[in-house]
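Coordinate analysis (summary)
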4 protein chains.
Amino acid sequence: MIPNVLATRYASPAIQAIWSTDGRILLERELWIAVMKAQRDLGIEIPEEAIAAYERVKNTINIESIRKREEITRHDVKARIEEFCDLAGYEHIHKGMTSRDLTENVEQLQVYKSLEQIRNKAIAALHLLAKKAQLYKELSITGRTHNVAAQTTTFGKRLSMFGEEILLSVKQVIFLIENYPVRGLKGAVGTQMDQLTLFNGNIEKVAQLEECIVKHLEIKASFTNVGQVYPRSLDYATVSALYQLAAGPSSFAKTLRLMTGHETASEGFAKGQVGSSAMPHKMNSRSCERINGFAVILNGYLNMAAGLSGDQWNEGDVSCSVVRRVCLPDAFFAIDGLLETFLTILNQMEVFVAVIERENRYYQPFLLTTTIMMEAVKRGVGRETAHEVIKEHAVQTVRDLRNGSIEKNDFLDRLAKDGRLKLSANELQDIVSIAGNHSGMASAQVSMFCDQVSSLVSMYPESLNIQPGRIL
Amino acid sequence: MIPNVLATRYASPAIQAIWSTDGRILLERELWIAVMKAQRDLGIEIPEEAIAAYERVKNTINIESIRKREEITRHDVKARIEEFCDLAGYEHIHKGMTSRDLTENVEQLQVYKSLEQIRNKAIAALHLLAKKAQLYKELSITGRTHNVAAQTTTFGKRLSMFGEEILLSVKQVIFLIENYPVRGLKGAVGTQMDQLTLFNGNIEKVAQLEECIVKHLEIKASFTNVGQVYPRSLDYATVSALYQLAAGPSSFAKTLRLMTGHETASEGFAKGQVGSSAMPHKMNSRSCERINGFAVILNGYLNMAAGLSGDQWNEGDVSCSVVRRVCLPDAFFAIDGLLETFLTILNQMEVFVAVIERENRYYQPFLLTTTIMMEAVKRGVGRETAHEVIKEHAVQTVRDLRNGSIEKNDFLDRLAKDGRLKLSANELQDIVSIAGNHSGMASAQVSMFCDQVSSLVSMYPESLNIQPGRIL
Amino acid sequence: MIPNVLATRYASPAIQAIWSTDGRILLERELWIAVMKAQRDLGIEIPEEAIAAYERVKNTINIESIRKREEITRHDVKARIEEFCDLAGYEHIHKGMTSRDLTENVEQLQVYKSLEQIRNKAIAALHLLAKKAQLYKELSITGRTHNVAAQTTTFGKRLSMFGEEILLSVKQVIFLIENYPVRGLKGAVGTQMDQLTLFNGNIEKVAQLEECIVKHLEIKASFTNVGQVYPRSLDYATVSALYQLAAGPSSFAKTLRLMTGHETASEGFAKGQVGSSAMPHKMNSRSCERINGFAVILNGYLNMAAGLSGDQWNEGDVSCSVVRRVCLPDAFFAIDGLLETFLTILNQMEVFVAVIERENRYYQPFLLTTTIMMEAVKRGVGRETAHEVIKEHAVQTVRDLRNGSIEKNDFLDRLAKDGRLKLSANELQDIVSIAGNHSGMASAQVSMFCDQVSSLVSMYPESLNIQPGRIL
Amino acid sequence: MIPNVLATRYASPAIQAIWSTDGRILLERELWIAVMKAQRDLGIEIPEEAIAAYERVKNTINIESIRKREEITRHDVKARIEEFCDLAGYEHIHKGMTSRDLTENVEQLQVYKSLEQIRNKAIAALHLLAKKAQLYKELSITGRTHNVAAQTTTFGKRLSMFGEEILLSVKQVIFLIENYPVRGLKGAVGTQMDQLTLFNGNIEKVAQLEECIVKHLEIKASFTNVGQVYPRSLDYATVSALYQLAAGPSSFAKTLRLMTGHETASEGFAKGQVGSSAMPHKMNSRSCERINGFAVILNGYLNMAAGLSGDQWNEGDVSCSVVRRVCLPDAFFAIDGLLETFLTILNQMEVFVAVIERENRYYQPFLLTTTIMMEAVKRGVGRETAHEVIKEHAVQTVRDLRNGSIEKNDFLDRLAKDGRLKLSANELQDIVSIAGNHSGMASAQVSMFCDQVSSLVSMYPESLNIQPGRIL
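Conventions and cut-offs
Residues numbered from 1 in each chain as written. Chains lettered and ligands numbered in written order. Predicted model: local features only at pLDDT ≥ 70, side-chain atom pairs only at ≥ 80, totals over all residues. Heavy atoms only, no water. Helix = DSSP H or I, 4+ residues; strand = E, 2+ residues; numbered from the N terminus. Rg over C-alpha atoms; globule rule 2.2 N^0.38 Å. Buried < 20%, exposed > 50% of the residue type's maximum accessible area, 1.4 Å probe, protein only. Core = buried A, V, L, I, M, F, W, Y, C linked by side-chain atoms within 4.5 Å. Contact = heavy atoms within 4.5 Å. Buried area = accessible area lost by both parts, 1.4 Å probe. Salt bridge = Lys/Arg side-chain N within 4 Å of Asp/Glu carboxyl O. Least-squares fit on C-alpha atoms with pLDDT ≥ 70 in both. Pairing = 2+ DSSP bridges. Axes fitted to C-alpha atoms, helices over the stretch in contact; angles between N-to-C directions. Parallel < 35°, antiparallel > 145°, perpendicular 65-115°, else oblique. Left-handed = near helix turned anticlockwise from the far one by under 90°. Nonpolar A, V, L, I, M, F, W, Y, C, P; charged D, E, K, R; others polar. Polar contact = N/O pair within 3.5 Å; in protein donor to acceptor, adjacent residues only side chain to side chain. Expected span 1.5 Å × (residues − 1). Phe/Tyr/Trp six-rings, centres within 6.5 Å; stacked < 30°, edge-to-face > 60°. Lys NZ or Arg CZ within 6 Å of the ring centre and 35° of its normal.

1. Quick word on the overall build of chain A
Scanning chain A from N- to C-terminus turns up 19 helices and six strands. Computed over its C-alpha atoms, the radius of gyration of chain A comes to 30 Å, more than 25% above the 23 Å expected for a compact globule of 472 residues. By principal-axis analysis of the C-alpha atoms, chain A measures approximately 100 × 50 × 40 Å. Within chain A, the fraction of its 472 residues that count as buried is 72%.

Below, the structure is given as structure tokens:
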């Protein structure tokens, strides 16, 4: 049998368990039993021994037998009803229910439990990231924009930058969980008509049944007005939150791949690991690349969920069915694999201080052009004039260095000689020595990030129990 | 000049104003002036007459002149700095600032103002939808799933179903607005270094400047750790919220197109309107179709925003630039056009009660199969047995009707004759007369939707001022 | 283990076989052996017994053992090299090769074989569709645009319309197959350097080895300039061709769902089938809906492939790896499932002539408004004037019918009374009787479609052997 | 008025002209006149003076007047018919035509002309790229995979790699152009009924009219079976070809951005250009970044076109209308802007040989690990054993270099000392001196690329006239 590659290669056992075929069937059966019990408590005549019989066989799950039934009925839920009833020897489940009363609730439960897992794992990643940001908050690096040297920043600040993006996306996940409404038992077109018939028109009892089932599911919010299905924009919102969550790790991974190219950092290289089957010296950023791959995958599942959103015909249809079978579990497998990989990298990444310092030295005079410009401005030079003068000399110096016509960077000398800037060689030297590796308010910013993570962790302390598995 | 078709054909003047070229340049200049004033207040030497000069020329906007400058600098912001400085005769703006200190904040302001507009317009649509739902809450219609007759519901309930989806998406928009963080003046790589230099290392003053500018922008939240740019997943989250908001109207529009095919309702047909240039009798759902078109468009812009998310290299680059120039304004034009169209349809749609009743009668015995099944179950028949018996007769009756071998629907007679169901002809007749057009808890559900809308409207009373323009 | 739901529920055994884990490992081993043999034939010293040993164990595939190796090497290909070598007791495979020399070629082979399968299945569907189009080429139906009655067409023509779209997409698939270039043995950065080293700089021998391997793969075209990887836009083009192929069946399926809503046709309903677990009378278009679902899924995989296209860094990386593991096989599973479903529907669909005729009669006078207009134009009435007059009466007649103020459609009487149109009651009556169910050149168009299909089938006669499996 | 930013900032005048509002109205009017003339030639009574009148006013295009009409008709084509007729003083256009007989053909003509432009521009880019590849075909560079040093390649080969990807996509564009079918005059539901009525049932004349119009459009292929609309998967195929075409330039641009980070190459920096408004020393890859931005934009328009594909209801509707108004022209503006930028970069890019050589020296011993391995293998060492030994020493050497514990790369010494490899220090030294900057068959591969480009250019010699405009 062809396995689900995302589940089996990348996802954690916890997420796999939520979405396994057996696990799902059990959730369904538990929901049916919960409905039966609630119906009985509210006066529907259901023999105790029937409920007991269903309870007794609920773990007897034979997927092959169900599949055979489905080949005849061409209706997956009907096949599972018949299987369960035959096993129990009764026909008391699914009363007043339509298929979607079963499947929508169970799938929402799977989504909800998965969201909680992912929230915790993302917080665990933030916790680890904050620790690293703290560790490196003073380590000056050559900040780059457009991939070229720009100004000094610190490595901790760089991590916090990605961290703050993740924080924002975790807040979105939390908002989703807190407001995620379950469909409940709404019947074939959403009017709760068959339960109402079953209870002889007793509105009160229908409401009690509904309340009872929502409680069984342990989801806080619930819908009132749905059709056969809950609105698919909720599935969209779910996958969208996961995609947003992928952004921070993905940007981090791209940046680490770039740093690896400059040998300033790496994702680590385990004992026994092979970088390339051809080139023995290679130490590749394959885990970082994988994170970027997962982000692309999530974008694909987002596209699927987006394709269902806003496409409801009347009270609903099942053109969404095959799509949701794919995009809901697989999106969770992908984000889970992404976070597992991210945690692993955070644990194993290496920072090469010697190379970082070499790079800083190499770019140093240029990293200070804004500082020099500000000092000139303070001395009354027009901002745009100062910009022009510095640009002229910087561009020429770089050209001379690149074509080999000079060996040593003499940018400061050139500036000193240019009267327009009103800065002497000594003054320029002072600026460089003072500003040096100065990185503005980077360190203070890192602290603020760490504080935010701390308070989030204290709200979800269970997240600290998360440990990444050993990734392939 | 080729116009932006979304802006000029579909968007409201209010949204167009936010995104116009002139409007944007004015916002930029106001931000520069705000920064200058704040810097002066905090001790930077900037002559009063310079500020006055900038104030004086801020409305002198010559796009052609700026464009010519850009052809030389190949840098749009530098071109606009030079234009403004030349107009004023000073060089005091943009001190300690990088381009993104200007553009990111101004673009975020445009996004923020647009989000507020869209939130209000969506609430206005909910208000109108709730009124219609209330009006039709008792009007029985043939509920359809898989596009075939299923069970009775009411038209008001059908509207509420789409309405509740919209409610959920409006909550997402509100969450986004409340938590939307502005980038602020963070400098070239996000460390606030140049402002710090400008203020001679006075951290306090840098923080005050920052606070002052965030206040100028009137956005509540702000980032601490960013690079050159704010994280692009925020743009993604923005467009995603708009796409989610499109889902409810889009499903409503598809359903109205389907109803139009059955002549049970229409989007209305204005005086003078032409349905088809070929076929004079046509009255097309062209506005509904347009809503579905806008949803497809928004999915495209979502895809663009998704393509930027998680693609940050180091402290940032401008591979996002051209994309954001397109997808941010155009996504707002599209959702605005969608909501304008939606409001128009809600105002003009027609409901054909006579045709609806004809359809109900046509499908009546079948719409009650679940009710009949529940009654059989109450009489002790096994649920699956009852299902099988009813299915057998229903399918055969339909076949006989469709191939013309019977004229009159005799489904109930067939059921009465089948002993397995334990329901006499009289009992079946009673079920039909009692259940009749019964639509479960539809009416109560509608009321709950209307209540939710009311409380939302009371939180944003300004939304009631929104009136759709005359759409093309 | 969590199965791949697309493969196991929907794809045919033939496509599953191509993408199974075992099948893939065997293809790899056969490629290694082919390379070894070719290297030996070209003079590299490789003992016969080594080759024999590899041949002997090539079917001994132990996935668990390979997985354990990968946990150490964190490199899937290295794990598979080591497994195969350990089994054989030699180290002679993979000489001068990089991982991608193995994986790219094998994956391209899987893609290529799958494309051939899909081409044949699509042609089989066209063959069946043409038969149905031929059968119904004279059956008049109410053509609809904007989902409302427009003009008469025939059901065969409607089918041909979707068929001609499929024809166009099959031509695209054929173009792709005919021009699909395989990567070949290009080495670590694409320069063939290691093979050149192995052959002591003998360019001729490297070219012979290359030729030999391309021949082994049985793919016609090949790349010259690649890096470590072949360009990912080729994967994009592949999935894009599949998505384009989904369009025709998808539009057909949507239209059949709409027709089912009007009871003019259905996808068929098998013996034992259950439409709804709640509503026994339901006969749902679930297979058509599934086709539409598959199209949404394919769009998602398209998005993944698009996310890899144009994202190559230098000579390549593996950020594509996890994405291609998902989107290549799964896109083929989805299109295969779609075509299986499509074939099944074409075999089983039902057309309800009695209902179709009822609909035609109901809309008849309106379906002829263009004919009436043309006749008026021939009598010298201005085209726009005629349009206005007919529109006026048609719109009013419809309104009167819908609100119940008239019972009988008196549209023609109204036209006859309006002097502006210059058509008497008798003339109008004549137009109706003559034009009747006339459907222009529909029948001739259908024949042209059938001819095109015939000549395609004669080019790929093997496609006639395709029979859909029994779908779930 | 808000301009279309893609058109006005980035697209060439040639593409803008095709899609301008005036240009489109003129194309429509010319089509109407062509139909009138053909109808007259085939016997329909149309006065010569009417045709002359339409001809006389065809260039009198008043967009505001048309817009006012559309506000009443809510039908854009009807508004344009009325405007043209009022101007001419006759009502003889649009006979037997439905709106789509006009709009589909005109839009297809715009697409077709644009495709030809883009094909030529892409070939011009290939021509320029081949010249650069030829120029640098022997310039050794450090090939990188996973963004880390792998093996030597040449800069010309790197360019050819991207070039061969572009070649493949140009072939796709050519295939599309050669097989692009125009819809023709097919009437309201595609049956050509109204033309048939007009010609009193004369099939021959309808066919002649059709032929005449296809000839007027100068498009080779045409559809037979369409509905109101041609299948939207053709629009999808069009945008898809453009997206595929973006891949090669996009990968080239990413790679040049990476090279710029290493200072081995740059996109050039024009006189007067400003890199950063803050940092005067910056020389950014802003044009390369823009190319990557355009690719993201094209993916968005692809998504829109994909959203229309397979979504046809019956004979068609206009839910596609607003989408096509956006995605067709804007996709062409984007690809045109991308190619303009690409041509500019190819003209201006700089290659820094001194830096490239420094990098080669830095990585040299590692770039040869496969060569060393092959030599060991030739001496009888097991391939996997050799791999392990080399990996061990390479990884340790790198670690020692990065943490500063050694200054000089002593990798070869370590290998020489390890008996397992059977290579002496002298032998190793020989390998290095011989292999040196050797780059396999890179040079020969480049020549093959250039040959392919030459033959393509000779097929489309007009492409050599293409010159990029001055980009912003």
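2. Things to note about the nonpolar core
The biggest cluster of nonpolar side chains holds 634 residues, and the ones touching the most others in it are Y301 of chain A, Y301 of chain B, L6 and Y301 of chain C together with L6 and Y301 of chain D. Once residues lying within four places of it in the same chain are set aside, the contact partners of Y301 of chain D are Y301, M304 and V326 of chain B together with L6, V239, V326, C327, D330 and A331 of chain D.

3. Considering the interface of chain C and chain A
At the junction of the two partners, chain C supplies 72 residues and chain A supplies 72 residues. For the pairing of chain C and chain A, the buried interface totals around 6,200 Å² over both sides, and the portion due to carbon and sulfur atoms is 60%. On the chain C side of the interface with chain A, the three residues burying the most area are I2, R74 and S277 of chain C, jointly 14% of the side's total. In this structure, the connection of chain C to chain A is made through four salt bridges.

4. Focus on the relation of the copies chain A and chain B
Rotating chain A by 180° and moving it 0.0 Å along the rotation axis overlays it on chain B with an RMSD of 0.0 Å. Those values place the two copies in the arrangement expected of a two-fold rotation axis. The rotation axis passes nearest to the C-alpha of S240 of chain A in chain A, at a distance of 3.6 Å. Comparing contact sets, 100% of the residues at the interface of chain A also lie at the interface in chain B, consistent with an isologous, same-surface contact.

5. Some points on the pairing of strand β1 (residues 140-145) of chain A
The element β1 of chain A is extensively covered by neighbouring structure, given that six of its six residues are classed as buried. The hairpin turn running from β1 of chain A into strand β2 (residues 148-154) of chain A, its antiparallel successor, is two residues long, and H146 of chain A in that turn takes a positive phi close to 55°.

6. Structural notes on the packing of helix α7 (residues 99-135) of chain C against helix α8 (residues 155-179) of chain C
Residues and elements named next belong to chain C. The interhelical angle for the contact between α7 and α8, taken along N-to-C directions, is 160°, at an axis separation of 10 Å. Of the possible angle classes, the one that applies to α7 and α8 is roughly antiparallel. Every pair of crossing elements has a handedness; the one defined by α7 and α8 is left-handed. Contact residues: Y112, L115, E116, R119, A122, I123, L126, L129, K132 and A133 in α7; G156, L159, S160, F162, G163, I166, L167, V170, V173, I174, L176 and I177 in α8. Grouping the amino acids of the contact of α7 with α8 by side-chain chemistry returns 16 nonpolar, three polar and three charged.

7. Comments concerning the interface of chain A and chain B
On the chain B side, the residues contacting the 102 residues of chain A number 102 residues. Of the roughly 8,800 Å² buried at the junction of chain A and chain B (both faces included), carbon and sulfur atoms supply 56%. When the buried area of chain A at its contact with chain B is split by residue, N225, N314 and M441 of chain A rank highest and sum to 9% of it. Summed over the shared surface of chain A and chain B, the result is six salt bridges. At the boundary of chain A with chain B, the tally comes to 60 residue pairs in polar contact (both at pLDDT 80 or more).

8. What about the pattern of salt bridges?
For the structure shown, the criterion picks out 161 salt bridges over all chains. Across the pair D311 of chain A and K254 of chain B runs a salt bridge, and its minimum N-O distance is 2.5 Å. Of the two residues, D311 of chain A is situated in the loop between α12 (286-308) and α13 (321-348) and K254 of chain B in helix α11 (residues 233-261); the pairing between them involves two chains. A salt bridge links R40 of chain C to E48 of chain C, with the shortest nitrogen-to-oxygen separation between them at 2.7 Å. Take E48 of chain C: its relative accessible area is 47%, and that puts it in the partly exposed class.

9. Quick notes on helix α3 (residues 21-41) of chain C
Across its 21 residues, α3 of chain C extends 30 Å between first and last C-alpha, which sits within 8% of the 30 Å expected from 1.5 Å per residue. Looking one or two places after α3 of chain C, you find G43 of chain C, whose phi comes out positive at around 110°.

10. A closer look at the packing of aromatic side chains
Tallied over the full model, the rule gives 50 aromatic pairs over all chains. With 4.8 Å between their ring centres and 85° between their planes, Y362 of chain C and Y363 of chain C make a pair best called edge-to-face. According to the relative accessible area criterion, Y363 of chain C is buried, its value standing at 9%. Through a chain of ring-to-ring contacts, three or more aromatic side chains come together here, namely W32, Y54 and F84 of chain A. Positioned over the ring face of Y230 of chain C is R232 of chain C, at 4.5 Å from the centre of the ring. Across from the ring centre of W313 of chain B, 3.8 Å away, lies the NZ or CZ of R257 of chain D, which sits over that ring.

11. What to know about the environment of A38 of chain C
All names here are of chain C. Of note, A38 is situated in helix α3. Put simply, A38 and C212 are 174 residues apart on the chain and 6.9 Å apart in space, counted from C-alpha to C-alpha. Here A38 is in contact with L209 and C212, once residues within four sequence places are set aside.

12. A look at the pairing of strand β1 (residues 140-145) of chain B
Two elements, β1 of chain B and strand β2 (residues 148-154) of chain B, share six bridges in a ladder whose sense is antiparallel. The residue bridging I141 of chain B from the neighbouring strand is T153 of chain B, located in β2 of chain B.

13. Details of the packing of helix α4 (residues 48-57) of chain C against helix α6 (residues 76-88) of chain C
Residues and elements named next belong to chain C. Two elements in contact, α4 and α6, have axes whose closest approach is 8 Å; the angle formed by their N-to-C orientations is 110°. Considered as vectors, α4 and α6 are oriented roughly perpendicular to each other. Here A53, Y54 and V57 of α4 come into contact with α6, specifically with F84, C85, L87 and A88. Residues that form the contact of α4 with α6 fall into these classes: seven nonpolar, no polar and no charged.

14. Side note on the environment of Y136 of chain B
All names here are of chain B. Along the chain, Y136 falls in the loop between α7 (99-135) and β1. Among the residues examined, Y136 registers a relative accessible area of 16% and is labelled buried. Separated by 89 residues in the primary sequence, Y136 and N225 place their C-alpha atoms 52 Å from one another. What Y136 contacts, discounting residues up to four positions off in sequence, is T154, F155, G156, L159 and V351.

15. Comments concerning unusual backbone geometry
Residues and elements named next belong to chain A. Non-glycine residue R74 carries a positive phi angle of around 50°. Tracing the backbone shows R74 in the loop between α5 (63-73) and α6 (76-88). What makes R74 buried here is its relative accessible area of 5%. Positive phi is not limited to glycine here, since K422 has a value of about 60°. Of note, K422 is situated in the loop between α17 (411-417) and α18 (425-435). For K422, a relative accessible area of 51% corresponds to the exposed category.

Limitation: the analysis is restricted to geometry and does not speak to function.
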